[in-house]
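Coordinate analysis (summary)
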Amino acid sequence: MPTIIAVTGRAEERIEPELGAVSLTVGSSGGERDSILRSVGESHERLLEEVRELEASGALESWSAGQLRVWSHRPWNAEGRQLPLVHQANADVEVVFRDLGVLGTWVGTVSGTPNVAVGGIDWRLTDGTRDRVQETAQRGAVADAVRKAGVYAEALGLGTPVPVELADHGMLSEQPVPMMHKATMVRAMAADAGGASAPEFAPAKLVLEASVDARFTTE
């Protein structure tokens, strides 16, 4: 009777980020609605002028700007008394840099601009690079599964394992075999970019992981 060997193969690839997406919020609040709208509107337009200049220089991959949102509310103080009306105006902007050197310099400058807050930096890959690196990780995961099955077969004094099922982790049909270890699907992650006011950045490498479940038979 053939022996069934079930394994999970894992692999990861590390690569330097190619893009840096900076998220920003232009906003302010206060008791004078017209004053708040004027101040935020002017700050928003100045920021977009800078972004357009960056785009013209070739430093950007893309950028987007949301509409100005305006609302009002009446806050409460610690004694439970309702305070005068407060008006709030916000607009979100995302700027995706391909020139990471320019990104560091620009973020260090823009973080000190009135009414502008830097939300963070999302390090990314281009679609073509992500697909290529992900495929390499998937191939590595399959190779790891084959290697593990060979080790188990050799330890049991069996022949060369023959693959009978292979799938992304968690997608194999249920069989009366021992439960396999849990693993992550293909994903990407990056270390914290650090303080937004720093003029230079040294982002951690992005990590793409792949996991596959496989079953082999051997005599």
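Preceding block: the structure.
We now turn to the structure provided with this report. All values reported here derive from a predicted model rather than from experimental measurement.

Time to look at the overall build of the protein. From N to C terminus, the protein includes 3 helices and 9 strands. The order of helices and strands in the protein, counted from the N terminus, is β-β-α-β-β-β-α-β-α-β-β-β. For the protein, buried positions account for 34% of its 219 residues. Considering only contacts within the protein whose residues lie at least 6 apart along the sequence, 78% involve residues at least 24 apart. With an accessible surface of roughly 12700 Å², the protein has 52% of that area assigned to carbon and sulfur atoms.

Of all hydrophobic cores here, the largest spans 27 residues; its most connected members are V22, L24, V95, F97, L103, W106 and V110. Elements that contribute at least two residues to this core include exactly β2 (19–30), α1 (33–57), β5 (86–97), α2 (100–110), β6 (116–124) and β9 (206–218). With 6 residues, the single largest contributor to this core is α1. Every residue in contact with V95, bar those within four places of it in the chain, is listed here: G20, A21, V22, L24, V51, L60, S62, W63 and W106.

Right, let's get into the packing of aromatic side chains. Here a ring pair, both rings aromatic, is described through the centre-centre distance and the interplanar angle of the planes. Taken as a whole and assessed by the stated rule, the structure comprises 1 aromatic pair. When the centroid spacing of 5.5 Å and the interplanar angle of 45 degrees are considered together, the rings of F97 and W106 count as tilted.

As a further point, take the pairing of β5. Across the 12 residues that make up β5, a large majority, 9, are buried. Looking at chain direction, β2 and β5 are connected through 11 bridges and run antiparallel. Within β5, the position partnered with V22 by the bridge is V95. With 5 bridges joining them, strand β3 (residues 60–65) and β5 adopt antiparallel strand pairing. Counted as the bridge partner of A65 is V93 from β5. As judged from the 5 bridges shared by strand β4 (residues 69–73) and β5, these two strands associate in the antiparallel manner. Pairing of R69 across the sheet is with N90, part of β5.

Calculation rules
- Residue positions within a chain follow its written sequence, with the count starting from 1.
- Predicted model: local features are reported for residues with pLDDT of at least 70 only, side-chain atom pairs are reported and counted for 80 or more only, and whole-chain, interface and lining totals are derived from all residues.
- As a rule here, side-chain values cover all heavy atoms of the structure and leave hydrogens and water aside.
- A run of H or I in DSSP becomes a helix once it reaches four residues, and a run of E becomes a strand once it reaches two; helices and strands are each numbered from the N terminus.
- We call a residue buried when its accessible area falls under 20% of the maximum for its residue type, exposed when it is over 50%, and partly exposed in between, using a 1.4 Å probe and counting protein chains only.
- Residue contacts are defined here by distance: any two heavy atoms, one from each residue, within 4.5 Å place the two residues in contact.
- Each accessible area is a Shrake-Rupley estimate made with a 1.4 Å probe; only the visible protein chains count as cover when residues are assessed.
- In this text, buried Ala, Val, Leu, Ile, Met, Phe, Trp, Tyr and Cys residues form a nonpolar core when linked through side-chain atoms within 4.5 Å.
- Here a Phe, Tyr or Trp ring, Trp counted by its six-membered ring, pairs with any other such ring whose centre lies within 6.5 Å, and the pair is stacked when the planes are under 30 degrees apart, edge-to-face when over 60, and tilted otherwise.
- Any two strands with at least two DSSP-identified bridges between them are counted as paired.

Note that every value here comes from positions in space, so none of it alone points to a role or purpose.
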